[in-house]
Structures are given as C-alpha cells and as structure tokens.
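# Residue-level structural notes
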Amino acid sequence: GRPHPHDPEIICGAFQDTRIVGTMSLEFRDDETQFSLEASYFFDRTRTPFPFIRSTFVQFGRWTAIVPNISHALIYSANRYALHCGKQYGWSEIMPKVADRFRELGVVLYPIPDARPNLASIPPHMQELFTEDPHFSLYMVDLKEKDQRLAVRLRQELREGKFVFK
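So, a few notes on the structure that sits alongside this text.

How each quantity is defined
- Residues numbered from 1 in each chain as written.
- Predicted model: local features only at pLDDT ≥ 70, side-chain atom pairs only at ≥ 80, totals over all residues.
- Heavy atoms only, no water.
- Salt bridge = Lys/Arg side-chain N within 4 Å of Asp/Glu carboxyl O.
- Buried < 20%, exposed > 50% of the residue type's maximum accessible area, 1.4 Å probe, protein only.
- Helix = DSSP H or I, 4+ residues; strand = E, 2+ residues; numbered from the N terminus.
- Pairing = 2+ DSSP bridges.
- Right-handed = clockwise from strand over helix to strand, strands pointing away.
- Core = buried A, V, L, I, M, F, W, Y, C linked by side-chain atoms within 4.5 Å.
- Contact = heavy atoms within 4.5 Å.
- Expected span 1.5 Å × (residues − 1).
- Polar contact = N/O pair within 3.5 Å; in protein donor to acceptor, adjacent residues only side chain to side chain.

### Digging into the pattern of salt bridges
Under the counting rule described, the total for this entry stands at 7 salt bridges. A salt bridge links Arg29 to Glu27; its shortest N-O distance comes to 2.9 Å. The exposure class of Arg29 is buried, given its relative accessible area of 11%. With a relative accessible area of 4%, Glu27 lands in the buried category. In this structure, Asp100 engages Arg103 in a salt bridge whose closest nitrogen and oxygen atoms are separated by 3.4 Å. Of this pair, Asp100 and Arg103 both sit in helix α3 (residues 96-104), separated by 3 residues, roughly a single helical turn. On the accessibility criterion, Arg103 (41% relative accessible area) is partly exposed. Here the salt bridges share partners, and the residues they tie into one network are Glu38, Arg45 and Arg54.

### Observations regarding the pairing of strand β5 (residues 89-94)
The buried count for β5 comes to 5 of 6 residues, which makes it a mostly enclosed element. Relative to β5, strand β4 (residues 57-65) is paired through 3 bridges, and the arrangement is parallel. Paired with Gln59 across the bridge in β5 is Trp91. After leaving β4, the chain enters helix α2 (residues 71-84) and then returns to the sheet as β5, a path that is right-handed.

### A word on the nonpolar core
By size, the foremost hydrophobic cluster in this structure holds 28 residues, and its most contacted members are Leu26, Val58, Phe60, Ala82 and Leu109. Taken together, the elements giving at least two residues each to this core come down to β1 (10-16), β2 (19-28), β4, α2, α3, β8 (137-142) and α5 (143-159). The biggest single contributor to this core is α2, with 6 residues. In contact with Val58, not counting residues within four places along its chain, are Leu26, Glu27, Phe28, Phe35, Ala82, Lys87, Tyr89, Gly90, Trp91 and Leu143. Among the nonpolar cores identified, the runner-up in size contains 15 residues, and Phe43, Phe52, Phe57 and Met140 belong to it.

### Considering the pairing of β1
With 7 bridges connecting them, β1 and β2 associate as antiparallel partners. From the neighbouring strand, Cys12 faces β2, where its bridge partner is Met24. Hairpin connection of β1 to β2: 2 residues between the antiparallel strands, including Asp17 at a positive phi of 60 degrees.

### Comments concerning α5
For α5, with 17 residues, the first-to-last C-alpha span of 24 Å sits near the 24 Å given by 1.5 Å per residue. All of the buried residues along α5 are Leu143, Lys146, Asp147, Leu150, Ala151, Leu154 and Glu157. Those residues of α5 that are buried are in contact with β4, α2, β5 and β8. Sitting at the amino-terminal end of α5 is Asp142, which places a side-chain oxygen 3.0 Å from the backbone nitrogen of Lys144.

See the structure below:
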C-alpha cells in the first residue's frame, strides 16, 4: 500500500545481533512540501532560531532505545546521515526528559518561540501529550554543531567499549 503522508521516509536502526534495540526516523522535504510537524503546530516561521527553509531541514522523530548506551550512537548516526544528505538544521518535538537527555549528550537545543499545538490536527487520544505537563515542545538544532559535540562524546564511549559500529 501507499505510505501515510506523515510516515517518515527513513528509519535508522540500532541492532543487537538480530534484535532491533533502537530507532530514529528522519523526514526530508523540498521547499513546497510541509513536514508532518507543521500540521501539528502553529508557529511563526519568521521567528524560528534558524531560517525556515524546508529543503535545509531534517525532521527527527520516533526515537526509541531499549538497551543502555545505544542512544548516543543512534542520534549521531542519524545526524551524520542528514548532514551527508546536505541538510543544515534539524527539528523535532521533544518531551522535557528527552530534552534533558539530549543536553546531557552535549546537544544544544534551540526552542521555537511561541509554538503551540494545533489540536484540531491531533487525534483526541493524543492531545494530552500536547496540553498537559509534561508536554511536547518544538526545538531546532544546528546539525554541524550537534555533530561536533556528539563526536567528542562518542569517541570517549567507543574507547570505553560501550558499543561497536558494524
């Protein structure tokens, strides 16, 4: 069948033997096609931390990790892939605990000012994720800055044997 318009184009996976232990999705758009987050939020595109030119962005989402120490490598790999594809910036909706985890990894998050959920576009059973604390917030990242900060930490974790790339 045909993919849902909000399904990601790419899902990065982390594996332990043959078991999936982590994922992160990436969406790319041309300048004319909206990201799925654009339907879920109202925000002023002239006030974003970076110029909102869709073709320069990647939308990250669906981050999951079920084993320790895999998140960093997964985030780094997804970021590197986006850079390889010519993207400059990333954006995502993030819960406060997840934002804290990104900051622990050295990622600088730039909040999108005055972003608020478009509840009409959000299924009723999910609206509390956008309206009750803790709730999602929209953030942007500079991919090169993120790459440099993650690389330092990743090299340290590789030396410590926390994971291996195959």
